[in-house]
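Working through the structure, step by step
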Amino acid sequence: VGIDPNTKLFKGYKEMIKTKVSKNKLSNYVMINKGFEDADLSGYEFDMMLCSPPYFKFEIYDKDDKNQSVNKFKGLDNWLYKFLIPSLIKAFKYIKKGGIIALHLTDLKEEKYMQIIINELEKEKYKLTSVINVYAEKKNIARPIWIFKK
């Protein structure tokens with residue numbers, strides 16, 4: 001299951017699935033064209049989720065798209081407490097006991113939120129177990145993936 005509110009990317013997602021997945025397995029792949037906060041995941045249960053939300057204002061994919069989280073939830077506090085943290089807590093509802101969420105997100109110079117996210121998830125009894133760094137060679141930077149366990 002993939003979720004993305006960006007309608008401009010959806011045709012490409014469907015094409016990737018169509019060209020990379022055998023026909024008898026196509027029904028195993030689902031793309032939901034909504035923000036995670038609005039996506040219905042009823043009936044799904046996952047061992048693992050990879051969450052790669054936008055880095056608030058650092059990654060604005062479409063400044064005119066009203067479905068983008070930065071446009072729906074104005075201001076860092078609003079985005080953090082009404083979108084990101086509730087979305088992560090929602091995600092854990094669909095994770096099997098012992099499963100994980102891998103969160104690809106980091107603090108930036110003007111935007112400090114990772115410790116808040118860690119604290120809020122640990123209040124919900126989701127434990128930060130490790131951090132993996134992913135290196136972007138072209139940009140010569142490493143970005144963390146935070147591993148939380150249910």
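Residues numbered from 1 in each chain as written. Predicted model: local features only at pLDDT ≥ 70, side-chain atom pairs only at ≥ 80, totals over all residues. Heavy atoms only, no water.

**Some words on the packing of helix H3 (residues 76–93) against helix H4 (residues 114–123)**
Remark: H3 packs on H4, axes separated minimally by 11 Å, with the N-to-C direction vectors making an angle of 45°. Taken together, the axis directions place H3 and H4 in an arrangement best described as oblique. As for how H3 packs across H4, the hand of that crossing is right-handed. Contacts between H3 and H4 involve Leu80, Tyr81, Leu84, Ile85, Leu88, Ile89 and Phe92 on the former and, on the latter, Ile116, Ile117, Glu120 and Leu121. Here the contact of H3 with H4 is composed, by residue class, of 10 nonpolar, no polar and one charged. (Axes fitted to C-alpha atoms, helices over the stretch in contact; angles between N-to-C directions. Helix = DSSP H or I, 4+ residues; strand = E, 2+ residues; numbered from the N terminus. Parallel < 35°, antiparallel > 145°, perpendicular 65-115°, else oblique. Left-handed = near helix turned anticlockwise from the far one by under 90°. Contact = heavy atoms within 4.5 Å. Nonpolar A, V, L, I, M, F, W, Y, C, P; charged D, E, K, R; others polar.)

**As for the nonpolar core**
Counting 30 residues, the largest nonpolar core has Met49, Leu84, Leu103, Ile117 and Leu121 as its most contacted members. Listed by contribution, the elements that provide at least two residues to this core are strand E3 (46–51), H3, strand E4 (95–104), H4 and strand E6 (141–149). Ignoring any residue separated from it by four or fewer positions in sequence, one finds leucine 84 in contact with Pro53, Trp79, Leu105 and Ile117. (Core = buried A, V, L, I, M, F, W, Y, C linked by side-chain atoms within 4.5 Å. Buried < 20%, exposed > 50% of the residue type's maximum accessible area, 1.4 Å probe, protein only.)

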